[in-house]
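Observations on the three-dimensional arrangement
Each chain is listed here by its residues.
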Amino acid sequence: FWLKALVVISAVRVFLGASLPRSKSCKRTSNCPNAQNTCANRQSKQVSCAMSELSLLLSLGGDSLMAVTSPLVVCLVGAYCFRSGFLPAASRKVVDKLIVEATMPCLIISKVLPAMNLERLMLIWPLLLMVPIMLLYGLSLGAALARCLGLVYPGASQHRGLIMVLLAFPNTFIIPLTMCLAMPGLPELLGLEDLGIHALQKELALFFILGYSIWVLAMWSIGYPILAGVLSFREWRQKALNPPALACLFSILVGLSWGYLNSAMNLDLSKLAPVLHAVDFAGQACVPLMLLNLGSRLSDSISEIRENMAAKSKAKMEAKAFVDLEAAFENPNKQEEDALDIPGEARSEISVCGSTAASSEESSSQAGNPAAAPAKASAIAATAAAEVPLPKVVYVLIPLFRQVFGSLLAATIAILVFRNACGITNKPLLLVSMLQGAGPPMINISVMTGISGSGEKEAAKVLLVTYSASLITWGASMAIFLYLLQ
């Protein structure tokens, strides 16, 4: 399906001539006609403006679909590997360890370290402020939502950490950066024709990388301990001091102090080029490995859903057959009871006595084996705890609160606070600030659930739903953000 969608969108983009930017004369329909133009010219220009608006919306939809389809296609490769036996469930733990211990720290160091300095951090202070705002929004809303779900669905509160992390940590780097780089008409849409496409893309990439460093630090120092369910400061310290968080701290500290060390000690970076190139090369394997593992988890979850549905169907058929067989055996007894005219109360007393006798026999058997009762109780409790699924309503609420309300909140803060109140006029910075709250949950969540061992398959299913919904939400959010920046 995704391969067919990719081909269709590519054909549409070629037909439209890639991304057709909207000219300044078509920003407002009232600006298109002139007072001296005839009615025919006015109508033709209005139609031209409408076609330009339609081409812009189709281009945004195509860019968002292309940006989201690429990760989904890699997930399909992971699902194929799981089906073929190349990437079974036992191997996913090894891949998660490889990501966390090796490839992700290399990715962080290779991207964050060269871009980090004090002047740039002072420039992107809106991004630094947007991170705690979105964290507070997601964590508080996730805790409240988990508490409400626990009142309606017994046992759903055990997914409290997962719901909080899914709402608090959006995808702020890979997909939004790909969308911005795939729009050649973005300088005209932002009114930055003099800046040029290459300079604008370089500036946007810098903003995304610097914001990503803060998000990764918060993700692995706050989100991972919450997902793992830490209860003390000692446990938090053990969970928070993980390789991605340490690599992020190392990149920030070294990047901030590198300029001073370079000027004071006259360090020659050319000798470190092979090492930096090797780190960058190892970091490039991080995202493909995460997507392959996510596809394997999704395929495993779908297989489990099919098996559960088949088991439920088989159980219903067996129960129906048992009821019919029991009715066939009980029919003569019922006729005898009707012939004897036994009252209903007496029949209930007989059934109660039968159940009491059965329970007494079961209790006597447990009394003969005292160790059987606690073991059976613990097994039942463990099975009940393990079988509590994520409520189905969560699959609707997570995209709604994360991608719809999160986009509106980010746009409100960027326009009313950063632009109107603080006087920030840097449109690329404002656009990146708004995109910080528009994405689905981070793909890193699938890695964290695999390491912690809690909610692994549930998180994979939520990521599938949210990234499928992002095919629409990314394009709609980008269109709204560009309209607000005009």
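Residues numbered from 1 in each chain as written. Predicted model: local features only at pLDDT ≥ 70, side-chain atom pairs only at ≥ 80, totals over all residues. Heavy atoms only, no water.

This part covers the overall build of the protein. Within the protein, the secondary structure is distributed over 19 helices and zero strands. In the protein, the proportion of contacts linking residues at least 24 apart, taken out of those at least 6 apart, comes to 84%. Of the roughly 25,300 Å² that the protein leaves accessible, carbon and sulfur atoms contribute 67%. (Helix = DSSP H or I, 4+ residues; strand = E, 2+ residues; numbered from the N terminus. Contact = heavy atoms within 4.5 Å. Areas by Shrake-Rupley, 256 points an atom, 1.4 Å probe, with all protein chains shown as cover.)

Enumeration over the complete set of coordinates arrives at seven salt bridges. The residue R92 makes a salt bridge to D300 at a minimum N-O spacing of 3.1 Å. Of this pair, R92 sits in helix 3 (residues 89-115) while D300 sits in helix 13 (residues 286-340), placing them 208 residues apart in sequence. The class of D300 is buried, set by a relative accessible area of 13%. Across the pair E456 and R92 runs a salt bridge whose closest N-O atoms are separated by 3.4 Å. Taken together, the positions of E456 in helix 19 (residues 456-484) and R92 in helix 3 put the pair 364 residues apart, joining distant regions of the chain. Judged by relative accessible area, E456 falls into the buried class, the value being 17%. Judged by its relative accessible area of 3%, R92 falls in the buried class. Connected through salt bridges with shared partners, the residues R92, K93, D96, R297, D300, E456 and K457 form a single ionic network. (Salt bridge = Lys/Arg side-chain N within 4 Å of Asp/Glu carboxyl O. Buried < 20%, exposed > 50% of the residue type's maximum accessible area, 1.4 Å probe, protein only.)

All right, on to the side chain of H159 then. Note that H159 resides in the loop between helix 5 (125-152) and helix 6 (160-168). What H159 contacts, discounting residues up to four positions off in sequence, is V388, P389, L390 and E458.

Taken over all residues, the pLDDT of the protein has a mean of 77, while the share at 70 or more is 72%. Element-level pLDDT for the protein is lowest in helix 15 (residues 372-386), with a mean of 44, against a maximum mean of 94 in helix 16 (residues 394-421). Counting contacts from residues 1-37, a segment whose pLDDT is below 50, to residues more than four positions away or on other chains yields 56 contacts. Contacts of residues 335-342 to residues separated by more than four positions or lying in other chains number four contacts, the stretch itself having pLDDT below 50. (pLDDT = per-residue confidence, 0-100.)

What follows covers the nonpolar core. One finds F169, L186, W220, L431 and I445 to be the most contacted residues of the largest nonpolar core, which totals 109 residues. Examining the composition of this core, we find that 16 residues originate from one element, helix 9 (residues 197-228), more than from any other. For I445, the residues in contact, after removing those within four places along its chain, are L162, V165, L166, F169, M219 and A459. (Core = buried A, V, L, I, M, F, W, Y, C linked by side-chain atoms within 4.5 Å.)

With respect to the element layout, V100 can be found in helix 3. Along the backbone, V100 and A245 are 145 residues apart, and their C-alpha atoms lie at a distance of 9.9 Å.

Before going further, it helps to spend a moment on the packing of helix 16 against helix 17 (residues 427-435). Between helix 16 and helix 17, the shortest axis-to-axis distance is 8 Å and the interhelical angle comes to 145 degrees. When the axes of helix 16 and helix 17 are compared, the crossing they make is right-handed. Every residue of helix 17 that contacts helix 16 at A410, A411, A414, I415, F418 and R419 is listed here: L430, S433 and M434. (Axes fitted to C-alpha atoms, helices over the stretch in contact; angles between N-to-C directions. Left-handed = near helix turned anticlockwise from the far one by under 90°.)

Glancing now at the packing of aromatic side chains. Taken as a whole, this structure holds five aromatic pairs when the rule is applied. Relative to F418, the ring of W125 has its centre 5.8 Å away and its plane inclined at 80 degrees; by these criteria the two rings are edge-to-face. Of this pair, W125 sits in helix 5 while F418 sits in helix 16, and the two are 293 residues apart along the sequence. For W125, a relative accessible area of 35% puts it in the partly exposed group. Judged by centre distance (5.6 Å) and plane angle (50 degrees), the rings of W220 and Y224 are tilted. Separated by four residues within a single helix, W220 and Y224 lie in helix 9, roughly one turn from each other. Of the residues examined, Y224 reaches a relative accessible area of 8% and is grouped as buried. (Phe/Tyr/Trp six-rings, centres within 6.5 Å; stacked < 30°, edge-to-face > 60°.)

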